[in-house]
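Structural characterization, general
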Amino acid sequence: MTGVDIIGELLLAHAPLTELVAAEQIKAGALPEQVVLPALLVRLVSCVEQQMLKRGGTVRTIDRISVTVRADTYEQQRAAIKRAVRACAGRTGSYAGATNVSVLTAGRGPDARGPGNTFEQTQDFRVSFDAPA
């Protein structure tokens, strides 16, 4: 499991977000060429794992996760970013097989023009969690 799995689970579970962005349009890794908009792309930016001195147990991991919104309009882009933040920021608990999960915002990127003259923006999250070693 990774922070991508955790953020993906949180996004898919947030009904106000999936009303705007269909669950099939929330992807990890890459968006297909002819993706239906609006869409969200969830990617790992960086990962820091605490070093273990003995085998077994869990590993505390901190992932920086990027959620990129691609939309037809600026209004869609802004609404999707807001809903993604509401879906993920401040969450704690167990998600996607990880325990002691904590999700914080970690910065927002600029408004940008994407492929095919689409509207894009990125929201980053800091995802801390314990995973089996």
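Below is a short write-up of the structure.

Criteria and cut-off values
- Residues numbered from 1 in each chain as written.
- Predicted model: local features only at pLDDT ≥ 70, side-chain atom pairs only at ≥ 80, totals over all residues.
- Heavy atoms only, no water.
- Helix = DSSP H or I, 4+ residues; strand = E, 2+ residues; numbered from the N terminus.
- Rg over C-alpha atoms; globule rule 2.2 N^0.38 Å.
- Buried < 20%, exposed > 50% of the residue type's maximum accessible area, 1.4 Å probe, protein only.
- Contact = heavy atoms within 4.5 Å.
- Areas by Shrake-Rupley, 256 points an atom, 1.4 Å probe, with all protein chains shown as cover.
- Lys, Arg positive; Asp, Glu negative; His and termini not counted.
- Charge placed at Lys NZ, Arg CZ, Asp CG, Glu CD.
- Core = buried A, V, L, I, M, F, W, Y, C linked by side-chain atoms within 4.5 Å.
- Pairing = 2+ DSSP bridges.
- Salt bridge = Lys/Arg side-chain N within 4 Å of Asp/Glu carboxyl O.

Some details on the overall build of the chain
Looking only at helices and strands, one finds three helices and seven strands in the chain. For the chain, the sequential pattern of α-helices and β-strands runs α-α-β-β-β-α-β-β-β-β. In terms of C-alpha radius of gyration, the chain reaches 15 Å, essentially the compact-globule figure of 14 Å for 133 residues. Dimensions of the chain along its principal axes, counting C-alpha atoms only, are 50 × 25 × 25 Å. Per-residue burial over the chain gives 41% buried out of 133 residues. Across the chain, the fraction of contacts at a sequence separation of at least 24, relative to all contacts at a separation of at least 6, is 60%. Roughly 7,200 Å² of accessible area belongs to the chain as shown, and the carbon and sulfur atoms make up 50% of that amount. The distance from the centre of the 15 positive side-chain charges to the centre of the 13 negative ones in the chain is 6 Å.

Quick word on the nonpolar core
Ile-6, Ile-7, Leu-11 and Val-103 are the most contacted members of the largest nonpolar core, which has 28 residues in total. Among the elements of the structure, α1 (3–13), β2 (39–49), β3 (58–71), α3 (74–88), β5 (98–108) and β7 (119–132) are those that each provide at least two residues to this core. The contacts of Val-103, once residues within four sequence positions are left out, are Ile-6, Ile-7, Leu-10, Cys-88, Ala-89, Gly-90, Arg-91, Phe-125, Arg-126 and Val-127. By size, the runner-up hydrophobic cluster in this structure holds five residues, among which are Leu-31, Val-35, Leu-37 and Leu-41.

So, the pairing of β2
As paired elements, strand β1 (residues 26–28) and β2 share three bridges and run parallel to each other. Within β2, the position partnered with Ile-26 by the bridge is Leu-40. Alignment of β2 against β3, held across 10 bridges, turns out to be antiparallel. The residue bridging Ala-39 from the neighbouring strand is Arg-70, located in β3.

A word on the pattern of salt bridges
Side-chain pairs of opposite charge can arise whenever the charged atoms involved come near each other. All told, the structure shown has three salt bridges when counted by the stated rule. In this structure, the salt-bridge partner of Asp-130 is Arg-60, at a minimum N-O distance of 3.2 Å. Of this pair, Asp-130 sits in strand β7 while Arg-60 is found in strand β3, placing the two residues 70 residues apart along the sequence. A relative accessible area of 22% places Arg-60 in the partly exposed class. Among the salt bridges present, the one from Arg-70 reaches Glu-120, with a minimum N-O distance of 2.8 Å. Note that Arg-70 is positioned in strand β3 and Glu-120 in strand β7, a separation of 50 residues in sequence. Of the two residues examined, Arg-70 and Glu-120, each falls in the buried class.

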